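Analysis of the macromolecular model
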Amino acid sequence: MDRRSLLTVATGAVGAVAASQIPAGAALPTHSGAGRPVATFNVISDIQGDLRDLGVALDDMHRTNPASAGLAVAGDITPRGYDAEYAAVRSELTRHTHARTVAWAIGNHEFYVPKWRDPSTLAQATWPNGTTEDSLFRSFYHFAGRNTVYAEHSFGGIPVLSLGTEKYMHYHDPKLWDEVWLSEAQLTWLEQRLAHWARRRKPVMVVTHHPLPNTVSGSHNQLYSRDYLQADRLLGILGRHRDVFLFCGHTHWDLALSDWYVRRVVPGTANLDGFSVINTGAVQTGYTDDGKGGEISVPGTFNQGLQIEVHRDRVVVKARDFAAGTWLKQITVPLSTRM
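Scope of this entry: the structure provided in the associated data block. (Residues numbered from 1 in each chain as written. Predicted model: local features only at pLDDT ≥ 70, side-chain atom pairs only at ≥ 80, totals over all residues. Heavy atoms only, no water.)

**What to know about the overall build of the protein chain**
- Looking only at helices and strands, the protein chain has five helices and 18 strands in total.
- Against the 2.2 N^0.38 benchmark of 20 Å for 339 residues, the protein chain shows a C-alpha radius of gyration of 19 Å, consistent with a compact globule.
- Here the C-alpha coordinates of the protein chain stretch approximately 60 × 45 × 40 Å along the principal axes.
- Counting every position in the protein chain, which comprises 339 residues, the buried fraction comes to 59%.
- Surface exposure of the protein chain reaches about 13,500 Å², of which carbon and sulfur atoms provide 52%. (Helix = DSSP H or I, 4+ residues; strand = E, 2+ residues; numbered from the N terminus. Rg over C-alpha atoms; globule rule 2.2 N^0.38 Å. Buried < 20%, exposed > 50% of the residue type's maximum accessible area, 1.4 Å probe, protein only. Areas by Shrake-Rupley, 256 points an atom, 1.4 Å probe, with all protein chains shown as cover.)

What follows is the structure, encoded as structure tokens:
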């Protein structure tokens, strides 16, 4: 089964980043500036059944961030969305020390059961093979311990909002597959929560699986530039807030790339500084640009993610190679208001 299942293109603008970045290959400081952070947490994505690398990542995160306030997983928790696959992820988590609070976002691989007649028999020609759309969401809800795709968690007092599609679009339009559909209820909820935390002068961490168009690595590529059916509406909500940090996966593109972090400026939002968008890398298999409008796999062992330090006046984002146990790079982003 091709993990790039029928992905496809859009427009936008990326603003200049008013932040300090330490590039790949440079020595990272032991401490990220004066003062202890308010909270630290980790972000990973795209496990897709690679439980061995998940275990390696969990152990490495515990070594480098033993007091982590939370773990955010930006989708593709499973390879296909079977209950047994969710159970295997849960079992792997219990074998490793990790943050108590885990914020799960749903990914496109959580909807791949309908491509299979049974767990051993791929049968895309007879899609959906008796699998209902509702059953796929129920499996995710049971695993995540909630009854909505979108949710809010607190990582040491820092709000973390998880977003995700509320329809698997091939059930609704035979021309579509993995595109993201957000209900008016989810969009309104996001708008209200961002406004709530802005009034309280708190930065907000937003976790979603698919990258927004014309932001981080891969999102300019024809494979990933049309993932959101309501991209303009979502950008319009996020773009009003300077202290929003959006974490997205899906592409598996290497965190060593220069556009792993960008500021996205959304015209018409009266926020000329934009908001932060960060690629999460991937636990399972890495990719990069092939220079021809597509992508190629990264050779060797690939297992990447992020560690985040939230200070009263800044947020430090560190890219980590879990397999090598080394830091790749980091960026320090000043907050527009001090907490």
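Next comes the rest of the account.
**Considerations on the nonpolar core**
- Counting residues in hydrophobic clusters, the biggest one holds 31 residues, and the most contacted among them are Ile44, Met61, Leu71, Val73, Ile77, Trp104 and Phe140.
- Elements with a contribution of two residues or more to this core: helix H1 (51–64), strand E4 (71–74), helix H2 (83–94), strand E5 (102–105) and helix H3 (133–144).
- Ranked by residues supplied to this core, first place goes to H3 with five residues.
- Discounting residues that sit within four places of it in the chain, Phe140 has contacts with Ile77, Tyr86, Trp104, Ala105, Ile106, Arg146, Thr148 and Val149.
- Counting residues in each nonpolar core, the second largest holds 28 residues, with Phe155, Ile278, Val310 and Ile331 among its members. (Core = buried A, V, L, I, M, F, W, Y, C linked by side-chain atoms within 4.5 Å. Contact = heavy atoms within 4.5 Å.)

**Let's talk about the packing of H1 against H2**
- Following both chains from N to C, one finds H1 and H2 inclined at 30°, their axes separated by 10 Å at the closest point. Seen along the crossing, H1 lies across H2 with a hand that is right-handed. Counting all contacts with H1, which are made through Leu51, Leu54, Gly55 and Leu58, the residues of H2 involved are Ala88, Val89, Glu92 and Leu93.
- Classifying every residue of the contact of H1 with H2 gives six nonpolar, one polar and one charged. (Axes fitted to C-alpha atoms, helices over the stretch in contact; angles between N-to-C directions. Left-handed = near helix turned anticlockwise from the far one by under 90°. Nonpolar A, V, L, I, M, F, W, Y, C, P; charged D, E, K, R; others polar.)

**Things to note about the packing of aromatic side chains**
- Here the structure, examined in full by the defined rule, presents twelve aromatic pairs.
- Their ring planes at 80° and their centres at 6.4 Å tell us that Phe41 and Phe247 sit as a pair that is edge-to-face. One end of the pair, Phe41, is in strand E3 (residues 39–44); the other, Phe247, is in strand E11 (residues 244–248), and 206 residues separate them in sequence.
- Ring centres of Phe111 and Phe137 lie 5.1 Å apart, and the angle between their planes is 70°; this geometry places the pair in the edge-to-face category. A residue pair is termed long-range when its members are at least 10 positions apart, and Phe111 in the loop between E5 and strand E6 (116–118) and Phe137 in helix H3 qualify at 26 residues.
- In this structure an aromatic cluster arises from ring pairing among Phe111, Trp127, Phe137, Phe140, Tyr141, Tyr168, Tyr171 and Trp177.
- Over the face of the ring belonging to Trp181 we find Lys167, whose NZ or CZ atom lies 4.1 Å from the ring centre.
- The ring of Trp327 has Lys318 sitting right over it, with the charged end atom 5.1 Å from the ring centre. (Phe/Tyr/Trp six-rings, centres within 6.5 Å; stacked < 30°, edge-to-face > 60°. Lys NZ or Arg CZ within 6 Å of the ring centre and 35° of its normal.)

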